[in-house]
Amino acid sequence: MTTAMRDIILPADWRDFWALTKPRVMSLVVFTALCGLLAAPGHIHPVLGFTAILCIAVGAGASGALNQWYEHDIDAKMVRTAKRPLPDGRMDRQSALHFGVGLAGFSVVTMGMAVNWLSAGILAFSIFFYAVVYTIWLKRFTPQNIVIGGAAGAFPPVIGWAAVTGDVTLLPILLFAIIFLWTPPHFWSLALFMKADYAAAGVPMLPVVSGQKVTRNQIFAYSLPMAAAAIAPYALGMTSWLYGTAAILLNLVFLALAFSVWRNPATEASAMKPEKRLFAFSILYLFLLFALFAGDRMLML
Amino acid sequence: MTSEERPYTPEETKLIRQRQAARSRIMAALLVAMCILFFAITVAKIGFW
């Protein structure tokens, strides 16, 4: 676990291993997984519930490490990622690979032995999906990369649910659908005002390949089924009016912002205020929606 | 060793030792945390709590 720094060989700093796990992404993963776990019917021992969330967090960290191991060349070309440990030369690639594989193995085996093997299986599949299907296969070859890759980020609430119940029913599938359909508007709004960065790195994001108009159409198009999926738990009688009302209001705001993105003709990043607003709100939207969902379900159960 | 096989300077050696010590402390803390976690999981699975 060493790296060349100028002309001497330095062991990588522990903070760089921490950075490899993408802590900010991990926080959203932990949060949605916790919501899935809290919303599930039944009981889980608090220690095992904590272990399940820990394993999901470590699994997400493994995915982040393996992603950065493979993408070191792309990361070096983008301003947003150039200071990560690998492109900045603070760590060698083999250390990142060993770290990622080690975390993945630990999280899956611990989840299986402590909680149940269904949740461990879904966790293993989500790591594989993010590291191999998204990072290695899709990201460099198709502008639909984040649509299919978004599935990897949609698994945590399903894993949290499965940790409690040992099965997967309609409600966790709806939670999966919400995050899956939320991912394209979220990432494409970012890609619109970061287009130059992605183009420089040669990543075929939709604005780079198909243009801004097509991307804006797609953002609005994906927002509609996302709103439907978000309101569906209430419409199907699985939550109370509390979540239903909040979901309708949150989705109205989301759709209004997506509409203003759709109508925005700007080509320069400086004139893309609607896109920046949608990107910022989309994060708040997901946090609020899942928090309200979990709170509502806990009151119902 | 350096790329030219020259010995480390005292400053470089100090920096390497600091990094190694910091990583050892983190690793020790993680191992202790893992022991506690596995003990707690075992007790919870047995149904003692």
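These lines cover the structure that appears in this document, whether it is placed above or below. Quick caveat, the model's predicted, so the values are computed rather than measured.

Details of the overall build of chain A
Here's step 1: Along the backbone of chain A there are 14 helices and two strands.
Here's step 2: Taking 2.2 N^0.38 as the reference for a compact globule, 301 residues should give roughly 19 Å; the C-alpha atoms of chain A span a radius of gyration of 20 Å, in line with that estimate.
Here's step 3: Its C-alpha atoms put chain A at 65 × 55 × 25 Å along the principal axes.
Here's step 4: Out of the 301 residues in chain A, the part that is buried amounts to 50%.
Here's step 5: Relative to all contacts within chain A whose residues are 6 or more apart in sequence, the contacts with residues 24 or more apart total 72%.

Observations concerning the environment of A:Pro11
All names here are of chain A.
Here's step 1: Inspection of the secondary structure puts Pro11 in strand E2 (residues 8-11).
Here's step 2: Given 20 C-beta atoms within a 10 Å radius, Pro11 is considered buried.
Here's step 3: Along the primary structure Pro11 and Asp92 are separated by 81 residues, whereas in three dimensions their C-alpha atoms are 9.3 Å apart.

Some thoughts on the nonpolar core
Here's step 1: Core analysis: the largest hydrophobic core is formed by 97 residues, its most contacted members being A:Leu37, A:Ile56, A:Leu123, A:Ile159 and A:Ala191.
Here's step 2: With near-sequence residues (within four places) excluded, A:Ala191 lies in contact with A:Tyr198, A:Met205, A:Leu206, A:Pro207 and A:Thr215.

Details of the interface of chain A and chain B
Here's step 1: Between chain A and chain B, the residue contacts involve eleven residues of the former and 15 residues of the latter.
Here's step 2: Among the elements of the structure, E2 and helix H3 (46-70) of chain A are those that each provide at least two residues to the side of chain A that touches chain B.
Here's step 3: Residue composition of the side of chain A that touches chain B, grouped by class: seven nonpolar, two polar and two charged.

Re helix H1 (residues 10-46) of chain B
Here's step 1: The terminal C-alpha atoms of H1(B) lie 54 Å apart, and with 37 residues this matches the ideal 54 Å at 1.5 Å per residue to within 8%.
Here's step 2: Taking burial as the measure, the 37 residues of H1(B) include zero buried ones, a minor fraction of the element.

A few points about the environment of A:Ile53
All names here are of chain A.
Here's step 1: Position of Ile53 relative to the elements: it lies in helix H3.
Here's step 2: Sequence separation of Ile53 and Ala256 is 203 residues, and the distance between their C-alpha atoms is 34 Å.
Here's step 3: When residues no more than four places from it in sequence are discounted, the contact partners of Ile53 are Val30, Ala33, Leu34 and Leu37.

What counts and what doesn't
Residues numbered from 1 in each chain as written. Chains lettered and ligands numbered in written order. Predicted model: local features only at pLDDT ≥ 70, side-chain atom pairs only at ≥ 80, totals over all residues. Helix = DSSP H or I, 4+ residues; strand = E, 2+ residues; numbered from the N terminus. Rg over C-alpha atoms; globule rule 2.2 N^0.38 Å. Buried ≥ 20, exposed ≤ 12 C-beta atoms within 10 Å, placed from the backbone. Contact = placed C-beta atoms within 7 Å. Core = buried A, V, L, I, M, F, W, Y, C linked by C-beta atoms within 7 Å. Nonpolar A, V, L, I, M, F, W, Y, C, P; charged D, E, K, R; others polar. Expected span 1.5 Å × (residues − 1).

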